[in-house]
Amino acid sequence: MKNADKKLTLSWRIGLPQWETDEPFENLLALLQEHKSVVDEVAMFETITHHLYIPLDIYTRRMELAAKRLEAFRQAGIPSVGINVLCTIGHVNEAWSCMPPLPCQPMVGHDGSVSHSCACPNTPEMRAYVRAKYERVARARPDFIWVDDDIRMHCHGVMWGCFCPTCLALFATRAGRSYTREELVQAFDVPGQGGVRELWVEQNIATIESLMTEVRTTIHKVNAGIVIGKMTAGAGWTTYSGQAFDRWFTALGATKGRPGGGFYTDERPLDMLDKALECGRQRATLPPSVRDVQYELENFPYQRLKKSPASVVNECSLALAHGLNGVAFNMLAIGTTFEDILPWVKAIPAARPVWEKWVAQAAGLPTAGLWPAWSARMMARRSVRTGESWLGWSGRHNINIPKVLGDIGLPLASDTPACGTVLCGHVAEVFSDDELKAMLARGVLMDSTALELLTERGMGHLTGVRLAKRLDNGLWERFTADPMNGRAAGEIRDARIEFWGDAKGMGDVLEPIAQGVRVLTNIEDYFARPQGPGMTAFENELGGRVVVMGYAPWIFLHSVGKRLQLQNASDWLSRDTMPVRVDETVPLVAVARVAADCQRGAVMLLNVGFDPIPEATVHLRFSCSQVRLLTIGRRAQVLPVEPETTGGRITLKDVEPWGLRVLV
Ligand SMILES: [Zn+2]
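Residues numbered from 1 in each chain as written. Predicted model: local features only at pLDDT ≥ 70, side-chain atom pairs only at ≥ 80, totals over all residues. Heavy atoms only, no water.

Caption draft 1: Representation of the overall build of the protein chain in the model. When helices and strands are counted, the protein chain shows 15 helices and 32 strands. Along the first, second and third principal axes, the C-alpha atoms of the protein chain reach 75 × 65 × 40 Å. Within the span of the protein chain, comprising 664 residues, buried residues form 61% of the whole. Within the protein chain, counting contacts between residues at least 6 apart in sequence, those at least 24 apart form 76% of the total. With the model as given, the accessible surface of the protein chain reaches about 24,400 Å², and the carbon-plus-sulfur share is 54%. (Helix = DSSP H or I, 4+ residues; strand = E, 2+ residues; numbered from the N terminus. Buried < 20%, exposed > 50% of the residue type's maximum accessible area, 1.4 Å probe, protein only. Contact = heavy atoms within 4.5 Å. Areas by Shrake-Rupley, 256 points an atom, 1.4 Å probe, with all protein chains shown as cover.)

Take a look at the structure:
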């Protein structure tokens, strides 16, 4: 696997108010020294606002001070110290009334709106300012420089950028004809796939790529030994900027990565699973030269009661489970009192030994399980239908929907090819025929919307079924006597499909078009009148195993029977390679890392319920004659393993609510 460093790095991001004057800095040093067992690295933010422009005379003096602070950190024994450049383009509109206006072209939105705080990254004036800034940062002699995640072309106080005259002129060269902003936005919505949209995303990628080249050249002109890192944002919401990590990290010469996303509070605790998967996806697309990959622990704006220390530890653990090997703690970034953050800081030392063992043990092993398909080209390649806006949110292309499979305990993978692919909605349309056939030659779990799309692409025969009719009200599904349903045979699953908005795609009746199609459920109306198959399984001519779901495929999968059926279906389509399976219907979620030859593996399990789990029978599908159980704050324990044909079985006892268990 990529990003295979065995070393855990715990990094702290320090806000300007903590180092700009002496007294807070002394307090900060004392705090870091008191907790030095969890301080491997310190990164100083060089500004307090997300507004790009700071006059260079101020910036010069600030970087002279930064050089002294870096030296003080070194004297205090902190192994690695550097600077986090918060703004290269600018993040959002912030503090524009109390900061000087941008001295260069601001970013212009698709609607003509103009950013207060973020610049167009393509003008020579902007590039000159960025060079001047990074030159001063490099002269402060940091061990490393982080480039923050404002390196994107969306969400800069204007929603979608940049449509300024410079960018439109660049695009005219690229497209071979000129467009006004209005013409271009109109062209984005012309139905079909690709075309001008793909070219525009390429312009976004190339813009960032050339900006990154300029940053690297500037830094390395001062000192070629400075390590560079780049922070990234996820693809779950949009890939408008192109998500071209290979090109951007290469242009920047970055060897540090920091995947990020949103999980700011305890309001929806399960969101930590989504963020871990999202960060895993980002990690999986980094070039192999990036070996230090730090999770963004983000408690912005850092108020004590918004997130519990238990969540902080659990979300970091899940991120490490998904293949990251460090954490960048963002909790010292603004001028809050230490009282707000201390409980978080104090929770970390106890977790460190478990994290270290996990990183050492799991390094190099890919995540295993079902891979929810996505692509960095989602926006570039996806279709637009008549009346749709390309820049608007498209539920048809939402790559986050299959995460519900993780919530019921099926392990989700962030690496490919994984044990099987999940195709949801219209996501499949951004893949080539060859890519889709490669998926269908292995194992695929899909919904009936994906089926419809594959049928249009001439690959319906590889699924064994076709979409017979679309119903949208008054329906449930009944489990057949197929062995894949086990003891759930005959049961009903009623998702009350009309309650959750448009029920199109929730009552799709399937029709077998080949011999050997297994029908797993039948759709019935509320008077038990059969409507036809609602879920099928089929082994195709390529040897791939395909499961199609026509009834409420992504909601209410949490019943005893449905969970059991989906576990069995996943085992079947993956040919019993799903890395971990828990017998009891308990809210134990799992992330697994398994060697391609299944000779080695490691599993992290988290109880995401509010009740203790008295007992859980866990099947591991990799070679495991001995399993060590690691629990934060407790001594490691060797568990007895009951051998099974595909691995071994262990029993976990008394997992407390939100308790973490690590098996290595
Ligand atoms: Zn521009």
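Caption draft 2: Structural context of the domain arrangement of the protein chain. Along its sequence, the protein chain is carved into domain 1 (9-101 + 119-156 + 208-363), domain 2 (368-576) and domain 3 (588-663). Domain 2 puts eight residues into the contact, and the matching count from domain 3 is seven residues. Across the domain 2/domain 3 interface, buried area totals approximately 570 Å², and carbon plus sulfur atoms make up 47% of it. Inspection of the domain 2/domain 3 interface yields one salt bridge. For the pair domain 2 and domain 3, the interface holds two residue pairs in polar contact (both at pLDDT 80 or more). Residues of the side of domain 2 that touches domain 3, tallied by class, amount to three nonpolar, two polar and three charged. (Domains from an automatic or database assignment. Buried area = accessible area lost by both parts, 1.4 Å probe. Salt bridge = Lys/Arg side-chain N within 4 Å of Asp/Glu carboxyl O. Polar contact = N/O pair within 3.5 Å; in protein donor to acceptor, adjacent residues only side chain to side chain. Nonpolar A, V, L, I, M, F, W, Y, C, P; charged D, E, K, R; others polar.)

Caption draft 3: Representation of the coordination of the zinc ion within the structure. Around the zinc ion, the protein contributes the donor atoms Cys120 (SG), Cys162 (SG), Cys164 (SG) and Cys167 (SG), at 2.2 to 2.3 Å from the metal centre. Read from N- to C-terminus, the donor residues coordinating the zinc ion fall into the pattern C-x41-C-x1-C-x2-C. Of this pair, Cys120 sits in the loop between strand E5 (114-119) and helix H3 (124-139) while Cys164 sits in the loop between strand E6 (144-147) and helix H4 (165-175), and the two are 44 residues apart along the sequence. (Donors = N, O, S within 2.8 Å, 3.2 Å for Na, K, Ca; no water.)

Caption draft 4: Examining the packing of helix H5 (residues 181-188) against helix H6 (residues 196-222) more closely. At a minimum axis separation of 8 Å, H5 and H6 run at an interaxial angle of 120°. By the angle between their directions, the pair H5 and H6 is classed as oblique. For the pair H5 and H6, the contacting residues are Leu184, Ala187 and Phe188 in the first and Val196, Arg197 and Trp200 in the second. Taken together, the residues of the contact of H5 with H6 sort by class into five nonpolar, no polar and one charged. (Axes fitted to C-alpha atoms, helices over the stretch in contact; angles between N-to-C directions. Parallel < 35°, antiparallel > 145°, perpendicular 65-115°, else oblique.)

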